[in-house]
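# Geometric and topological summary
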Amino acid sequence: MTLESFWHPEEFNTQLPQAHLKHGINRIAIFDIDLHHGNGTQSIVWQINEETYRQKLEQEAGVPAAERPGAQIYYGSIHDILSYPCEDGKSGLVQAASTSIHNAHGQFIENIHLQTYTSEEHFWTELYEKRYKQVLHKAQEFLDATGGPGDDVLIFISCGMDACEHEYESMSRHNRKVPASFYYRFARDACTLSDKYARGRVISVLEGGYSDRALTSGSMAHFVGLTDLPGSAKADESWWSVENLIELEKATKKRRGGRPSLPGAGSTRQWIERTLTILAPLDTTAASVVASLRAPPPPPMSMTLRDRSKPVKVSTPPSSPPRSTRGKASTSKLKAKGRPSKGGDTLEAPLKSESISSASSNEGETSVPADPEPKKLPRVILKLGKPQSSDTAS
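Description of the structure in this document. (Residues numbered from 1 in each chain as written. Predicted model: local features only at pLDDT ≥ 70, side-chain atom pairs only at ≥ 80, totals over all residues. Heavy atoms only, no water.)

### Points about the environment of H79
Of note, H79 is situated in strand β2 (residues 72–79). Judged by relative accessible area, which is 0%, H79 ranks as buried. Linking H79 and R176, residues 97 residues apart in sequence, is a C-alpha distance of 8.5 Å. Among residues more than four places away in sequence, those in contact with H79 are D34, L35, H36, H37, A97, N111, I112, H113 and L114. (Helix = DSSP H or I, 4+ residues; strand = E, 2+ residues; numbered from the N terminus. Buried < 20%, exposed > 50% of the residue type's maximum accessible area, 1.4 Å probe, protein only. Contact = heavy atoms within 4.5 Å.)

Here it is, written out as structure tokens:
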């Protein structure tokens, strides 16, 4: 199966194995409340449980027990079946996101699909109490079936804020949402389960969440839910109401230059001043972390680029172009010994020789001197006819 979980599997590769190998954690209950189904997480849980179940069967058949018992993990997810990775309706992904199996083949998995709610009352009385809390009930059954409370139990929350009522419409376009107080109440219920079975051990990891208001309201509600309030103190769910969120957004709005717009003392309500006081060092710390992550400037280079500019050409005053000396055509009678004509006449063949002296045609440059006077060819006489015998000549 392709792992497409929004929860990075590296958390399994580092945190949970370390808890199992170094801290004796053998039973883990995972609650995934991100908008998207964590099919990658579920696949890893399945493989771990499968290996532990195989070891159990071998021990029942007489194989000596391993030095350390295998881990057993419960995975419970509340997600939107219409969103990624099930948005295209692929059978394998939809079936995985709808699996519900408990104490069979060593598996403990529960998947609950988010529904549209019409009012706050409808959400809490119908959906949360009767459907969504099922993942908590099944986790309790898992812990009871595997040994009950103990020091080897850990509660792990994969908390995504992308199902929050304040999330972008483009993200929760199927209208499968939860009110911001869901993150408070679910955290309280998970802590109650942890107090009973895991000695209060709870790890919560932030997952999805994209709009500022969804992250602000969801995180605030979730942190309050994870906090042990002293004595008779009680959380007020209106703390993350829309009115307070708008007031907080105005107070923390950044000015030009990146610095928050801090109001003067007494100009706002006390809780706003207290919140800004808490957030101020966080902004400074975040800025220093970002600055430290910036890459250092590269060292200066000792090499330089080659000068490819064209050299400046010194111009010389133009001189009158020299006349191209054309060699005089000379006509010479070339004499050559040959056969005389029938009548004994001698034929003279005129031959023209011509020489041209070249001169530079480029203006502004030194002209090349003309060639010397062309050399004249010797005169050749051609005689046609039968050659005279020596007797006749004598």
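Read on for the rest.
### What about the sheet that holds strand β6 (residues 202–206)?
Here we have 6 strands laid out as an open sheet, ordered β3-β4-β2-β1-β5-β6, and mixed in their pairing. Because the sheet does not close on itself, it has two edges, and the strands there are β3 (100–104) and β6. Adjacent strand axes in the sheet meet at a mean angle of 15°, parallel and antiparallel pairs treated alike. Pairing geometry for strand β1 (residues 27–32) and β2, over 6 bridges, is parallel. The partner of F31 across the bridge, within β2, is G76. Here helix α5 (residues 134–145) sits on the sheet and contacts β1, β2, β3, β4 (107–113) and β5 (153–159); the angle it forms with β2, its principal contact strand, is near 175°. On the sheet, helix α6 (residues 181–197) packs against β1, β2, β5 and β6 and is oriented at approximately 170° with respect to β5. (Pairing = 2+ DSSP bridges. Axes fitted to C-alpha atoms, helices over the stretch in contact; angles between N-to-C directions.)

### Things to note about the nonpolar core
In this structure, F31, I78, F123, F182, Y183 and F186 are the most contacted members of the largest nonpolar core, which totals 42 residues. Put simply, the parts of the chain that give this core at least two residues each are β1, β2, β4, α4 (120–132), α5, β5, α6 and α7 (212–226). With 7 residues, α6 is the largest single contributor of residues to this core. When sequence neighbours within four positions are dropped, the list of residues in contact with I78 reads D32, I33, D34, I112, L114, Y132, V135, F182 and F186. Judged by nonpolar contacts, the second largest core, of 12 residues, contains A19, I25, I73 and I109. (Core = buried A, V, L, I, M, F, W, Y, C linked by side-chain atoms within 4.5 Å.)

### A short note on the pattern of salt bridges
Applying the stated rule across the entire model yields 11 salt bridges. One salt bridge connects R54 with E51, and the closest N-O pair in it is separated by 2.4 Å. With R54 and E51 both in helix α2 (residues 39–60) and 3 residues apart, the pair spans about one turn of that helix. Judged by relative accessible area, R54 falls into the partly exposed class, the value being 36%. In this structure, E249 and R213 form a salt bridge, with 2.8 Å as the shortest nitrogen-oxygen distance. Separated by 36 residues along the polypeptide, E249 in helix α8 (residues 242–251) and R213 in helix α7 bring together distant segments of the chain. We classify R213 as partly exposed; its relative accessible area is 26%. Via salt bridges that share partners, E51, R54 and E58 belong to a single interconnected network. (Salt bridge = Lys/Arg side-chain N within 4 Å of Asp/Glu carboxyl O.)

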